[in-house]
Amino acid sequence: MRVATRGLALAIAGLAMLALAYAGYWIVLAGALERGTRAWIEDRQRQGDDITHGAPVWRGFPGRVEVVLPGPALTVPAAAPVIALAGARAVVSVHPFAPLEPTVSLEGEQTLALEGLTRPVRYTGSAERCELQVRLRPGLDDGPGSMLPALATLTVRALAMIDAETSDRIAVATLDATASPLPEGAPGRRYTLALDDATLPASLNLPFAGVLRRAAADVDVSGSLPAVPAGDDLLAWRDAGGVIEVRRLELASGPVRLEGDGTLALDGNGQPIGAMTLEISGYQAALDALIVRGILGVPTSVKLKRIFAVLAGGSVTPNKPVRIPLTLQERILSAGPIPLMKLPLIDWPARSRGTSQAVPGRIPSTS
């Protein structure tokens, strides 16, 4: 009996020590997560972003390690417009046994503002789920904010926002986007996007009231680019052989469906050039919608309908797919040998905002 009692006491003591050790590990990991988040914020501030938040609060024990940032506000001075995001809470979290896979999620009501436009807009709303999950590469520790993600996944569900002044709305049923390294160690990133049942702002004056049933893309960007590239970054990327390969493009809006692929780059003047092949169904409805929105004039639309009819082999069947080879060179967009329109000159901002693409990292270090 005495031996059994002693064995039970030792087992209880062992479990207590394990519990204390786990609690200590959780606290250390929470501290590392908070320091890593702070380091990333400081790094982004050095790059020109303005990030503020309230006093961090830990929660989640004994499960996920969560650092809650009350009242977060982010201002990104991109070329134009300035993008400002503010909300109720941002939560940075990791699973105790997967410290290299942090998640950043937004909770409560959020506000998205675009400044520097003819009329600044301000959308307010929330999403059922809005989170960014990253998988960090271990062993990269070259200074604050230096850790780059091996994989980043953005997930949005049931997003609904409105501009109270204009009643302009943004709604997204589902959005899934990923960024990952190119296969076989090639320099660059692979991006995928899948968007379903979205309503874009009426102020954009898009065809079919900006309602998208489906939008999807698979894009490979060779070479290195910062998260918000400026003109100097883009020209250096071009000179190093940077190319954008659109492996798949899909768009469905109203009666129009578009699929295609192609390649894009920059010419010697820093202007886009490329070649794509598109297959379009419902092109007549698309052109009519562009007229209604004032994007195309009637003469231009009639000309394009004739061109598309020729490319369709003379068919006037509205839903028959038309396969169109598109080229962009010297700012002229052409369908085969036929020029369609001249695009405006893009004046890239020259100043680079840095090349850091870090995420809230430095999680591996728990010292």
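Everything quoted here is computed from the prediction, not taken from an experiment.

The rules we used
- Residues numbered from 1 in each chain as written.
- Predicted model: local features only at pLDDT ≥ 70, side-chain atom pairs only at ≥ 80, totals over all residues.
- Heavy atoms only, no water.
- Helix = DSSP H or I, 4+ residues; strand = E, 2+ residues; numbered from the N terminus.
- Buried < 20%, exposed > 50% of the residue type's maximum accessible area, 1.4 Å probe, protein only.
- Contact = heavy atoms within 4.5 Å.
- Areas by Shrake-Rupley, 256 points an atom, 1.4 Å probe, with all protein chains shown as cover.
- Pairing = 2+ DSSP bridges.
- Core = buried A, V, L, I, M, F, W, Y, C linked by side-chain atoms within 4.5 Å.
- Phe/Tyr/Trp six-rings, centres within 6.5 Å; stacked < 30°, edge-to-face > 60°.
- Salt bridge = Lys/Arg side-chain N within 4 Å of Asp/Glu carboxyl O.
- Arc of directions from axis to C-beta.
- pLDDT = per-residue confidence, 0-100.

Time to look at the overall build of the protein. Regarding its fold elements, the protein presents four helices and 17 strands. A buried classification covers 35% of the 367 residues belonging to the protein. Within the protein, counting contacts between residues at least 6 apart in sequence, those at least 24 apart form 55% of the total. Per element, the accessible surface of the protein, about 19700 Å² overall, is 62% carbon and sulfur.

A regular strand places its side chains on the two faces of the sheet in alternate fashion. Sheet analysis places strand 9 (residues 169-181) next to strand 10 (residues 188-199), joined by ten bridges and oriented antiparallel. By the bridge assignment for strand 10, Asp176 is matched with Ala194. Counted along the chain from strand 9 to the antiparallel partner strand 10, the turn is six residues long, and its residue Glu184 has a positive phi close to 60°. In this structure, strand 10 lies alongside strand 11 (residues 211-222), joined through eleven bridges in antiparallel fashion. By the bridge assignment, Arg190 is partnered in strand 11 with Asp220.

A few words on the nonpolar core. Grouped together as the largest cluster of nonpolar side chains are 18 residues, with contacts concentrated most on Leu278, Ile280, Tyr283, Phe308, Ile324, Leu326 and Leu340. When contributions to this core are tallied by element, the ones reaching two or more residues are strand 13 (256-266), strand 14 (272-281), helix 3 (283-292), helix 4 (298-311) and strand 15 (322-329). For this core, the element with the most residues is helix 4, which contributes four residues. Counting ten residues, the second-largest nonpolar core is a separate cluster that includes Leu29, Leu33, Ala90 and Val94.

The next point concerns the packing of aromatic side chains. With the rule as written, the count across this model stands at three aromatic pairs. Here Tyr22 and Phe61 contribute two aromatic rings whose centre-to-centre distance is 6.2 Å and whose plane-to-plane angle is 40°, an arrangement assigned as tilted. Placement of Tyr22 in helix 1 (residues 2-46) and of Phe61 in the loop between strand 2 (57-59) and strand 3 (65-70) is noted, with a sequence separation of 39 residues between them. What makes Tyr22 partly exposed here is its relative accessible area of 23%.

Enumeration over the complete set of coordinates arrives at 19 salt bridges. In this structure, the salt-bridge partner of Arg46 is Asp43, at a minimum N-O distance of 3.8 Å. Taken together, the positions of Arg46 and Asp43, both in helix 1 and three residues apart, correspond to about one turn of that helix. Classification of Arg46 as exposed rests on a relative accessible area of 53%. By relative accessible area, which is 6% here, Asp43 ends up buried. Measuring nitrogen to oxygen at the nearest pair gives 3.7 Å for the salt bridge that ties Arg135 to Glu101. Pair noted here: Arg135 is in strand 7 (residues 121-136) and Glu101 is in strand 6 (residues 98-115), with a separation of 34 residues, a long-range link. With a relative accessible area of 42%, Arg135 lands in the partly exposed category.

This next bit is on helix 3. Residues Tyr283, Ala286, Leu287 and Ala289 constitute the buried set of helix 3. The buried side chains of helix 3 occupy one side of the element, clustering within an arc of 160° when seen end-on.

A few words on the confidence of the model for the protein. Across the protein, the average pLDDT comes to 81, with 81% of residues at or above 70. Taken together, the stretch residues 140-146 has pLDDT below 50 and engages in 16 contacts with residues farther than four places along the chain or on a different chain. In this model residues 352-367 is a low-confidence stretch, pLDDT under 50, and it forms 68 contacts with partners more than four residues away in sequence or in other chains.

Now for unusual backbone geometry. Going from Phe61 to Pro62, the amide bond is cis rather than trans, its omega being 5°. Position of Pro62 relative to the elements: it lies in the loop between strand 2 and strand 3. One non-glycine residue, Ala158, lies in positive phi territory at about 50°. Checked against the element boundaries, Ala158 lands in strand 8 (residues 149-162). Assessed through its relative accessible area of 39%, Ala158 is described here as partly exposed. Backbone geometry at Arg331 places phi at a positive 65°, although glycine is not the residue there. Inspection of the secondary structure puts Arg331 in the loop between strand 15 and strand 16 (332-335).

Checked against the element boundaries, Thr199 lands in strand 10. Taking the C-alpha atoms as reference points, Thr199 and Arg213, separated by 14 residues in sequence, lie 8.8 Å from one another. Residue contacts for Thr199: discarding those within four places in its chain leaves Arg169, Ile170, Ala171, Gly210 and Val211.

Attention now moves to the pairing of strand 3. In terms of burial, strand 3 is a largely internal element, five of the six residues being buried. In terms of strand pairing, strand 2 meets strand 3 through three bridges, oriented antiparallel. Looking at strand 3, one finds that Trp58 is bridged to Val67. Turn length for the strand 2-strand 3 hairpin, with the two strands adjacent in sequence and antiparallel, is five residues, and the turn residue Gly60 shows positive phi of about 110°.

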